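Chain by chain, the residues run as shown.
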Amino acid sequence: MDYVVYGIITGCILIIASIGFSMVWKTENFLNIAHGQLLLIGAYMAYLFKSVLNFPFALAMVCSVIATAVLGLLLAKVFYFPVRKSGILVLLFTSIGLSWIIYGVIQAIVGPEIRTFGLETSKMIDVFGRQIMSAQELFIIVVSLICVIALHFVLTKTKNGKGFRAMAENRDLAQIRGINSRQLSNYVWLISSGLAGLAGILLAMTGTLNMELGWQQILIIMSVVIVGGMGNIYGTMLAALIIGLSMDISTVVIPTSYRTAIAFVIVILVLLIRPQGLSRGGTA
Amino acid sequence: MKKISLIAVSIVTAATLLTGCASSTGGSADGAKASSGDINVGFLAGLTGWLGPFTKENINSLLLAKEEINEAGGILDGKKINTIDVDTASTVEGAIKGYQKLVNADKAVVAIGPETESMLALLKEAPKSEVPIMSAFAGSTELDEVGGNYAFRTAASDSTIGEVRAKVLIESGVKEIAIMVGNYEGAQSDVHRFKETYEKLGGKILEEVTFNPGQNTYNGELKKIAKANPKLVYYSGGIDTAPSIFKAAKQRGYAWEWYITPDVAVQEFIDVIGKDVAEGIKTIIAMEDENNQAFKRFNENYEARFKAKPSGGYYNANTYDLLIASALAMQAAGEASGSGINEKIREVTNPPGKQVTTFEEGLKELKAGNDIDYQGASGPIDFDEHGNVISTNALMEVVDGQWKQVEFFTADYIKED
């Protein structure tokens, strides 16, 4: 039972980290490698607001998510939009280059020190006399659930959400039908970057702010999106949970050093058995 | 639009290349000021990346040694030492590129600083290039029997520290423990000899869990350890993973005692996991003898020069000694070259010879035609045939948010029965 709880926590962080990557793939049709570095930006933005500007942590989180969302959109406008028509390879290499730029700039600013948010160690929550998870881990699950529900609401109930789904299915057709693709694209970059920033904060909450955070996460994020069916938001959510659970439950029977490898074993199996991923590849 | 795209791609490509270069080769500290007669010495280390917290003070230590040498008149009739900092970004690739830069572009005579993995990668290249590699903090057992020819270290081997650690635990009645070890060479090596000696002395390893750095959580790994119900857990991993592991263990009420690898026994470790979580954590670390005159003098000079005390456990004295010993070796060899250092370094640091504790004393004796035995700030530094030294050690514990020395062990401790 404990390992299931651990897997859910891992999965919840992966959900938030992966959704944005999946959305960008679906609308822009390229692998945004720099998505990992947006996690790094989010984490360090929160550190800036909390530890440098002395904001309360909750407010620092909100400010960081907003700042990362805006910065993500700006980066897209400067680096991706001008080369959009040059094809996905150019976009891919641009994103790799952008990753290194973000990494280098942050490193130049923050230096080599490893930092933390300096949060108090949270208490464990008892359920029927059994310690299930810490308050911090419950917070991660709740935040993840709120994000999933909010995103579902946005995708199904709002004009922009419906536009996104239409554009994800067929960009040209959506444009012919009068959907403002430029506005929608901005909207996707904002949500995607904001979620990446949030994931970075949650990761740094459980561990440290270190320069490798973005690189460490991007491969596992790609695994989640591949397993979920490239660009399928709900498939990505499901895949994040499956991979999270698989990695943690697997440690019961196999050495823990192979924990990460399990994610890639699942990717290989999915590619062999069901190349389109868990879902059929649409938005929902 | 095509033009804009081309410009954007060009900028990104250029920036990527620049960033890559910056992380792999870094810059020169005072290379621009070097005159043609100067002797270039490379500091080849991770100024950024996971080694960054250590090396920022090591640069100062090297600078202190350089200044002492130059103020004493330099070597070989007035040649001055010039240090060049090369950032490896704490990667082996960076170390290889940086070493090539030092050898081919900077014409450096020695590369001080590589950590274990980089030392291993450069072992074969160093004799070919005739530029020795010298490490102040490569403790891996992998280097126990492969160095000695263009490869030296003033860091004690994990073998000896491992033996000390095992003996201390057994003697204090801890006969059953669990181990959490990172999935990389440095951590595995740290655990290897300790485990071997501990089991030989009658200790039992209840559980050994290997973990990968950079995971979101380590709850599963901790649960595995908890199932074995150990009284003490030995942690060998990085500082970046420590908060996730130690905080989660505290949250879950795991009340076992922690011993940690010397590699992370620095103030930053306490800062990142929190004072309350760190309280009571112990380590056994190669530690300079506080009664050693050379160590006292090094500390005083460092503090006077940099307005801060050198941190214990950062291998500052070890770094300082490498440059002093190299300079004395070149003086003894009569030439400013890597081959000269390789040939004479044992002669100036090992007995027999008149014991000297400063560069100035050593230079004076060498000029007088006497043999010398340099007694370093980090210890006696007597290099064996494989370029290793034996160190003194100390049991350290976190008390009130700081590392405090609890017990000191002489270099003979592991020989005692």
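All of these numbers come straight from a predicted model, not from anything done at the bench.

Next up on the list: the pattern of salt bridges. Applying the stated rule across the entire model yields 12 salt bridges over all chains. Across the pair arginine 252 of chain B and glutamate 137 of chain A runs a salt bridge, and its minimum N-O distance is 2.9 Å. One end of the pair, arginine 252 of chain B, is in the loop between helix H9 (242–251) and strand S9 (257–260); the other, glutamate 137 of chain A, is in helix H5 (residues 135–157), on a second chain. We note a salt bridge from aspartate 248 of chain A to arginine 259 of chain A, for which the minimum N-O separation is 3.1 Å. Of the two residues, aspartate 248 of chain A sits in helix H10 (residues 233–250) while arginine 259 of chain A sits in helix H11 (residues 259–273), which places them 11 residues apart along the sequence. Among the residues examined, aspartate 248 of chain A registers a relative accessible area of 0% and is labelled buried.

Turning our eyes to something else, we now look at the UniProt feature "transmembrane region" (unreviewed entry) in chain A. Residues and elements named next belong to chain A. According to UniProt, the feature "transmembrane region" (unreviewed entry) maps to residues 6–25, 30–49, 55–76, 88–110, 138–155, 187–206, 218–245 and 257–274 in the numbering used here. Along residues 6–25 one finds 100% helix and 0% strand; the C-alpha atoms at either end are 29 Å apart. Summarising residues 187–206: 100% helix, 0% strand, and an end-to-end C-alpha distance of 29 Å.

With that out of the way, let us pick up the environment of serine 159 of chain B. Residues and elements named next belong to chain B. By the secondary structure assignment, serine 159 is in helix H6 (residues 158–171). Residue classification places serine 159 among the buried residues on the basis of a relative accessible area of 5%. C-alpha separation for the pair serine 159 and leucine 143, spaced 16 residues apart in sequence, amounts to 10.0 Å. Excluding residues that lie within four positions of it along the chain, serine 159 makes contacts with Thr141, Asp144 and Arg193.

Take the interface of chain A and chain B next. Counting from both sides, the interface comprises 51 residues of chain A and, opposite them, 44 residues of chain B. Taking both sides of the interface into account, the surface hidden between chain A and chain B amounts to around 3,700 Å²; carbon and sulfur atoms contribute 53%. Across the chain A-chain B interface, the total number found is 1 salt bridge. In this assembly, chain A and chain B are joined by 7 residue pairs in polar contact (both at pLDDT 80 or more). Those elements that provide at least two residues to the side of chain A that touches chain B are helix H1 (2–28), helix H4 (88–110), strand S2 (130–134), H5, helix H8 (181–206), helix H9 (213–228) and H11 of chain A.

Residue and element names in this part refer to chain B. Omega for the peptide link from proline 351 to proline 352 comes to 5 degrees, which places this bond in the cis form. Position of proline 352 relative to the elements: it lies in the loop between helix H14 (338–349) and strand S11 (354–356). With a phi angle near 60 degrees, glutamate 130 is a residue other than glycine that sits in the positive phi range. Position of glutamate 130 among the secondary structure elements: in the loop between helix H5 (125–129) and strand S4 (133–135). Given the relative accessible area of 43%, glutamate 130 is considered partly exposed.

Now for a nonpolar patch on the surface. A cluster of nonpolar side chains, contributed by Met1, Val4, Ile249, Val252 and Val253 of chain A, occupies part of the molecular surface with about 460 Å² of accessible area. When you line up the elements, methionine 1 of chain A lands in the segment before H1.

So, about the packing of aromatic side chains. Considering all chains together, one arrives at 25 aromatic pairs over all chains under this definition. With centroids separated by 5.0 Å and ring planes inclined at 45 degrees, the aromatic side chains of tryptophan 100 of chain A and tryptophan 215 of chain A adopt a geometry described as tilted. One end of the pair, tryptophan 100 of chain A, is in helix H4; the other, tryptophan 215 of chain A, is in helix H9, and 115 residues separate them in sequence. Judged by its relative accessible area of 29%, tryptophan 100 of chain A is partly exposed. The exposure class of tryptophan 215 of chain A is partly exposed, given its relative accessible area of 23%. An aromatic cluster is built from Phe211, Tyr218, Tyr235, Phe246, Tyr254, Trp256, Trp258, Phe269 and Trp403 of chain B, whose rings are joined through pairwise contacts.

A word on the side chain of asparagine 60 of chain B. Residues and elements named next belong to chain B. By secondary structure assignment, the location of asparagine 60 is in helix H2 (residues 52–71). A polar contact is formed between the side chain of asparagine 60 and the side chain of tyrosine 302, at a distance of 3.2 Å. What asparagine 60 contacts, discounting residues up to four positions off in sequence, is Tyr302 and Phe306.

Rules and cut-offs
Residues numbered from 1 in each chain as written. Chains lettered and ligands numbered in written order. Predicted model: local features only at pLDDT ≥ 70, side-chain atom pairs only at ≥ 80, totals over all residues. Heavy atoms only, no water. Salt bridge = Lys/Arg side-chain N within 4 Å of Asp/Glu carboxyl O. Helix = DSSP H or I, 4+ residues; strand = E, 2+ residues; numbered from the N terminus. Buried < 20%, exposed > 50% of the residue type's maximum accessible area, 1.4 Å probe, protein only. UniProt positions renumbered as here; feature names shortened; annotations may be inferred. Contact = heavy atoms within 4.5 Å. Buried area = accessible area lost by both parts, 1.4 Å probe. Polar contact = N/O pair within 3.5 Å; in protein donor to acceptor, adjacent residues only side chain to side chain. Patch = residues over 30% accessible without salt bridge, like charges linked within 9 Å, V, L, I, M, F, W, Y side chains within 5 Å. Areas by Shrake-Rupley, 256 points an atom, 1.4 Å probe, with all protein chains shown as cover. Phe/Tyr/Trp six-rings, centres within 6.5 Å; stacked < 30°, edge-to-face > 60°.

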